[in-house]
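These are the residues of each chain, in order.
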Amino acid sequence: MKLRLGIIGAGNIAATHVQNVLDGKCPDIEITAVADRKESRRRWAQEKLPGAAIFCEGSELIAARPCDAVLIAVPHYQHPPLAIEAFRAGLHVMCEKPAGVYTLQVREMMAEADRHPELTFGMMFNQRTNCVYRKIKELLDAGELGQIKRVNWIVTDWYRTQFYYDSGAWRATWAGEGGGVLLNQCPHQLDLLQWLCGLPVRVHAFCHEGKWHDIEVEDDVNAYLEFANGATGVFVTTTADAPGTNRLEITGTKGRVICENDTLVFDRLAVDERTWCATCGEGFAKPACERVPLETDGLNPQHAAVLNAFAAHIATGAPLVADGREGINGLLLSNAIHLSSWTGETVALPFDEQRFLALLNERRARSRHKEDADIVMDTSGSFGSQVR
C-alpha cells in the first residue's frame, strides 16, 4: 500500500516533490492532499493532481487527515507549529529545511515528536544522499584522515538576483524568513558540516546584512569555528558572487580530502603528521604524501531518496536519511553565527537561546513590509549535484 502524502505549501520546492512523484521516482508514495494560501498555487495543484484534496491552510489539511503523512514546505517560522499539529493528529512528518528559525521553537517540535514514538519524523536533508559527501563521511568514520585539524568551506555559488528576493513577501525579511543565506541556502551545508565534523564549540562571525542586495538580512557571511579537539574551521558564504565557488577541504593528521566540482581528492600521508612532527630529524621535511583516487557509486538521488527512505521507514522501519531531531544541529550553528555577528562576541555552544530569541524578536519588530509578487520559480536547475 502506498504512503498517502499531503504537501503543505505548494511553492518552489513542492513543485520538485510533486514532479518526482508524478515521474515515478517515488513509487511507494501518492500525493492525496495539498494546502496553500495562494489561489494560484491551489489551481496549479488541482491541475497537477486532479484527485488530491485541496486546502487553503495546512491546519485544515491536518484536521481533515486525507493522508498518512505531511511534507511541510512553507516559510520557516511555520515548520515547528505545523509539525506539532500533525503529530497531535497522528500524522507522520517530513519537514523541509531548516527545522525552524530559532532553536527554542525547534525544541518544542522535537519534544512533541518524542511524545509520539509511533510516528516517523524526517528532515529533508537531501544533500546527505550525494555520493561525494557520503564518501567523505565514510573516510572520516573509518579514521582515514586521522584526527581532524582544520575544515574550510567556501560556498559562494548560491547566486541570487534582486528578482529572486522580490519574488515573495516573506523572503529576506526577519519577520517572514528569519534570516538570509544562512537560513535559506546554507542549511544543507551547515548540516553536512556538523554531520561530517561535529558541532564546533566556539564561533566568531561577521554577517553583512543587505550588502549586495536590497534586503534586510544577511547575504554575505564569514565565520571562524573552533572544535572541541582543537581543530579550527572557516565557513564563507554569500548569494552575490558570480561565478562562485563550492570547495570543501578537511585536513586531518593523516591527510586531507578536497571536494570541488563534483570531484574528490584524497592526499594520504605515509605517517601521521603528529608522529612525524615529534620524531623527524630534519627541520623542513614533510611526510611523504600519496594522492589516492577515490571511487564513489556516482549516485545523487537527492529529494526522491529522502522521501523513499521516509516511506520505507514508516512501512518497515528502514533507516531515514535524516531523523527530524537532527535538524536542530545545523540550526544551532546558524543561530550561533547570527548571535556572534549581532553581539560582536565569540559565542560558545551551547549558547543562551533566550538571548538569541530576544535579539531576533527585536529585528522582527522592525522588519519591513513587502508586497507579495505571487511568483513561483523553477528550482529544477538549482540543485545540481555537489552544490545543492
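As the structure is a computational prediction, the values presented were derived from the model and not from experiment. (Residues numbered from 1 in each chain as written. Predicted model: local features only at pLDDT ≥ 70, side-chain atom pairs only at ≥ 80, totals over all residues. Heavy atoms only, no water.)

Caption draft 1: Expanded view of helix H5 (residues 103-114). Compared with the 16 Å implied by 1.5 Å per residue over 12 residues, the 16 Å span of H5 between its first and last C-alpha is a close match. Looking only at H5, the buried set comprises Thr103, Gln105, Val106, Met109, Met110, Glu112 and Ala113. The inward-facing, buried residues of H5 contact helix H4 (79-88), strand E6 (121-123), helix H11 (327-343) and helix H12 (353-365). (Helix = DSSP H or I, 4+ residues; strand = E, 2+ residues; numbered from the N terminus. Expected span 1.5 Å × (residues − 1). Buried < 20%, exposed > 50% of the residue type's maximum accessible area, 1.4 Å probe, protein only. Contact = heavy atoms within 4.5 Å.)

Caption draft 2: Spotlight on the side chain of Gln127. The topology assignment puts Gln127 in the loop between E6 and helix H6 (131-141). Overall, Gln127 belongs to the buried group, its relative accessible area being 1%. There is a polar contact of 3.2 Å between the side chain of Gln127 and the side chain of Gln302. (Polar contact = N/O pair within 3.5 Å; in protein donor to acceptor, adjacent residues only side chain to side chain.)

Caption draft 3: Expanded view of the pairing of strand E4 (residues 69-72). By the alternation rule, side chains of E4 split into Ala69 and Leu71 and Val70 and Ile72, which are all buried. Two strands pair when backbone bridges link them, and strand E1 (residues 3-8) and E4 are joined in this way by four bridges, in the parallel orientation. From the neighbouring strand, Gly6 faces E4, where its bridge partner is Val70. In terms of handedness, the path from E4 via H4 over to strand E5 (residues 92-95) forms a crossover that is right-handed. (Pairing = 2+ DSSP bridges. Right-handed = clockwise from strand over helix to strand, strands pointing away.)

Caption draft 4: Main features of the confidence of the model for the protein. Of all residues in the protein, 96% have pLDDT values of 70 or greater, and the mean over the chain is 95. Here helix H7 (residues 162-166) is the element of the protein with the lowest mean pLDDT, 95, and E5 is the one with the highest, 99. Here residues 384-388 scores under 50 on pLDDT; set against residues more than four positions off or in separate chains, the count is 28 contacts. (pLDDT = per-residue confidence, 0-100.)

Caption draft 5: Highlighting the pairing of strand E12 (residues 255-260). Where strand E11 (residues 246-252) meets E12, six bridges bridge the pair, whose relative direction is antiparallel. Note that in E12 the partner of Gly252 across the bridge is Gly255. Pairing between E12 and strand E13 (residues 263-269): six bridges, direction antiparallel. In the strand pairing of E13, Val257 is matched with Phe266. If you look at the hairpin formed by E12 and E13, you'll find two residues sitting between the two strands, and Asn261 has a positive phi there, around 55°.

Caption draft 6: Looking closely at the packing of helix H8 (residues 187-197) against H11. Interaxial distance between H8 and H11 falls to 8 Å at its minimum, and their mutual angle equals 110°. Accordingly, the angle class assigned to the pair H8 and H11 is roughly perpendicular. Note that H8 runs across H11; the crossing there is right-handed. Residue-level inspection shows Leu190, Asp191, Leu193 and Gln194 of H8 in contact with H11, the latter providing Asn329, Gly330, Leu333, Ser334 and Ile337. In terms of residue class, the contact of H8 with H11 is built from four nonpolar, four polar and one charged. (Axes fitted to C-alpha atoms, helices over the stretch in contact; angles between N-to-C directions. Parallel < 35°, antiparallel > 145°, perpendicular 65-115°, else oblique. Left-handed = near helix turned anticlockwise from the far one by under 90°. Nonpolar A, V, L, I, M, F, W, Y, C, P; charged D, E, K, R; others polar.)

Caption draft 7: Expanded view of the sheet that holds strand E7 (residues 148-155). Sheet architecture is open: nine strands sit in the order E14-E13-E12-E11-E7-E10-E9-E8-E15, paired in mixed fashion. Each having just a single partner strand, strand E14 (289-292) and strand E15 (347-348) make up the two edges of the open sheet. The strands touched by H11 are strand E8 (202-209), strand E9 (218-226) and E15; relative to E8, the strand with the most contacts, the crossing angle is about 70°.

Caption draft 8: Representation of the sheet that holds strand E3 (residues 53-55) in the model. Taken in spatial order, the six strands make up an open sheet running E3-E2-E1-E4-E5-E6, and their pairing is parallel. Two strands lie at the open edges of the sheet, namely E3 and E6, each paired on one side alone. Strand-to-strand twist in this sheet, taken as the mean axis angle between neighbours without regard to direction, amounts to 25°. Sheet analysis places E5 next to E6, joined by three bridges and oriented parallel. The residue of E6 that forms the bridge with Cys95 is Met123.

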